[in-house]
Structures are given as structure tokens and as C-alpha cells.
Amino acid sequence: METYPDVQLLIGKLNRGNEKAFDQIYKIFSPRVFSFALSLLKNRSEAEEIVQEVFMKVWDKRQDLSPHGSFESYLFTMSKNAVLNTIRKANYHRFFLEYKLSNPEPDPVLDQELNYMELETIYQKAIDKLSPRKKEIFILSQKYALTYDEIAKKLGISAKTVRNQMDAASSEIRDLIIRLGVTGILILPLFY
């Protein structure tokens, strides 16, 4: 694997909002993110969207990046999560289309239940109902792609506590989604 000895220096500059450092990091790592996403998604347009999404997050979280941590590992985790989210959404849309094809008659209750935007809203409501600590840990893991160890260090708690909180948060979110009106089978694409 090719190494870039100045990545730590670039991350340090990026922490301070240096756009040139960001551009250099993008030039170094965007081809890898693109190749990774393309290998899994088999779609150039989606792979390009993954690159944009990942590097927007890098810019947004630039102040939290550690020049001494493994940036490549951080980037890979974010890329993996972005690809998995794209696959989940594609699976949900495919499920929705298969449902519509096999059930051409309008069914207002089920049609509303299968509305993706409605499902996203319900998912967000479920996250918002978590306790502040569980919500913080869940968002750090899912949105910002931090590992359990990174979350533990950031919050000053053990990795085991993070794991337990994530398990509890995931369980609560599933339960809340079901209570808010979506059947269990319809939420599977969001979690698997």
C-alpha cells in the first residue's frame, strides 16, 4: 500500500480549516474511496455521490480529526457506512417497487406505510426519543462513523459501555419505529 508521510501534517492543517490541505487530501484519497464504492455498488454515479458525501463529512468534522490517528481507517469506515446506507436505500426502494408491482390496487394504509420519506421521518423521531447519551453515542457511530473505541475516548467512557449503549439504542429505535406505526418487516432494510 502506498503511504503518504505528509498526511499527518495535512490533517493538522485541515484541523485549522486549511482548504489547500483539504484539496490535497481529496486528491490523495478520493480515487480510493471511489474505487471502493464502485467495487461494491457497480454504479459510477452512486460511487461519485459516495465520494462527495464522505469528503463533505471530512470537511464538516475537520476539527475533530486526529493527526495521530489512522485517517485511512477513519475514511474507510465512513466510506463503508455510506455504501451500506446506499445499499439499504436501494433495497428499500426495490422492496417498495416489488410491493407496488404485486399489489397494483391502491391501499392507502400500506402505501403510506411504504412511503420512504415517511419512514425516514419515523426513523428520525425514534432517534430523537433516545436518552441524550444514547442519542449522542448512536449519532457518533452512525452519522460520523466513529468506532466504539473512538467514541469511548471522545466521551471518556469504556468501549464496553459504548457497545452496550449502541445495542440498547438500536433496540429502542426498532421498538419505537414499530410503535410509531411501521411493521417490523418493513424496517428490516434500515438495519440490515
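Figured I'd write up the structure that's included with this text. Note that residues are indexed from 1 along each chain, following the sequence as it is written. In view of the model being predicted, local features appear only for residues whose pLDDT reaches at least 70, and side-chain atom pairs are presented and counted only at 80 or more, with totals across whole chains, interfaces and linings using the full set of residues. The basis for every side-chain value is the complete set of heavy atoms in the structure, and neither hydrogens nor water enter the calculation.

It is worth spelling out the overall build of the protein at this point. Assigned secondary structure in the protein consists of 10 helices and 0 strands. A helix here means a DSSP run of H or I that spans at least four residues, while a strand means a run of E at least two residues long, and both kinds are numbered starting from the N terminus. Sequence-ordered secondary structure for the protein, helices as α and strands as β, is α-α-α-α-α-α-α-α-α-α. Per-residue burial over the protein gives 36% buried out of 192 residues. Of all intrachain contacts in the protein linking residues separated by at least 6 positions in sequence, the fraction that spans at least 24 positions is 60%. Only the protein chains shown count as cover for residues, and the accessible areas themselves come from Shrake-Rupley with a 1.4 Å probe. Taken as a whole, the protein presents about 11500 Å² of accessible surface, with 54% of it coming from carbon and sulfur. Each residue gets one of three labels from its accessible area relative to the maximum for its type: buried under 20%, exposed over 50%, partly exposed in between, using a 1.4 Å probe on protein chains only. Here, two residues are considered to be in contact whenever any of their heavy atoms come within 4.5 Å of each other.

Right, let's get into the layout of surface pockets. The rule is simple: put a 1 Å grid over the protein atoms alone, call a set of points where a 1.4 Å probe fits but cannot get out a cavity, call an open set with protein on both sides within 12 Å along at least five of seven lines a pocket, and count a residue as lining if it has an atom within 4 Å of a point. Grid points are joined across faces, edges and corners, and a volume is the space filled by probe spheres set on the points. In this structure, the second largest pocket encloses a volume near 430 Å³. As for the second largest pocket, its lining consists of 18 residues, of which Asp64, Leu65, Ser66, Leu146 and Glu150 are closest to the centre. For the lining of the second largest pocket, the secondary-structure elements that each account for two or more residues are α4 (71-102) and α8 (148-155). Ranked by residues supplied to the lining of the second largest pocket, first place goes to α4 with 4 residues. Classifying every residue of the lining of the second largest pocket by side-chain character gives 7 nonpolar, 6 polar and 5 charged. By the convention adopted, Pro, Cys, Tyr, Trp, Phe, Met, Ile, Leu, Val and Ala count as nonpolar, Lys, Arg, Asp and Glu as charged, and the other residues, Gly among them, as polar.

A few words now on the pattern of salt bridges. What counts as a salt bridge is simple: a side-chain nitrogen of Lys or Arg found within 4 Å of a carboxyl oxygen of Asp or Glu. Scanning the entire structure with this criterion turns up 7 salt bridges. Asp64 is the partner of Lys61 in a salt bridge, and the nearest nitrogen-oxygen pair spans 2.6 Å. Judged by its relative accessible area of 16%, Lys61 falls in the buried class. Its relative accessible area of 44% is what places Asp64 among the partly exposed residues. Salt bridges linked by common partners bring Lys61, Asp64 and Lys154 together as one network.

A few words now on the packing of helix α1 (residues 7-15) against helix α2 (residues 19-41). To obtain an axis, a line is fitted to C-alpha atoms, over the contacting stretch when the element is a helix, and the angle between two such axes runs from 0 to 180 degrees between their N-to-C directions. Closest axis-to-axis distance for the α1/α2 pair is 8 Å, and the angle between their directions is 135 degrees. Between α1 and α2, the interaxial angle falls into the category oblique. Relative to α2, α1 is oriented so that their crossing is left-handed. The segment α1 lies against α2, with Val7, Leu10, Ile11, Lys13 and Leu14 engaging Ala21, Phe22, Gln24, Ile25, Ile28 and Phe29. Among the residues making up the contact of α1 with α2, the classes are represented as 9 nonpolar, 1 polar and 1 charged. To sort the angles, those under 35 degrees are grouped as roughly parallel, those over 145 as roughly antiparallel, those from 65 to 115 as roughly perpendicular, and the leftovers as oblique. Whether a crossing is left-handed or right-handed is set by the direction in which the near helix is turned from the far one by less than a right angle, anticlockwise for left-handed and clockwise for right-handed.

Turning our attention to the side chain of Ser79. One can find Ser79 in helix α4. If we skip the residues at most four places from it in the chain, Ser79 touches Val33, Phe36, Ile50 and Val54.

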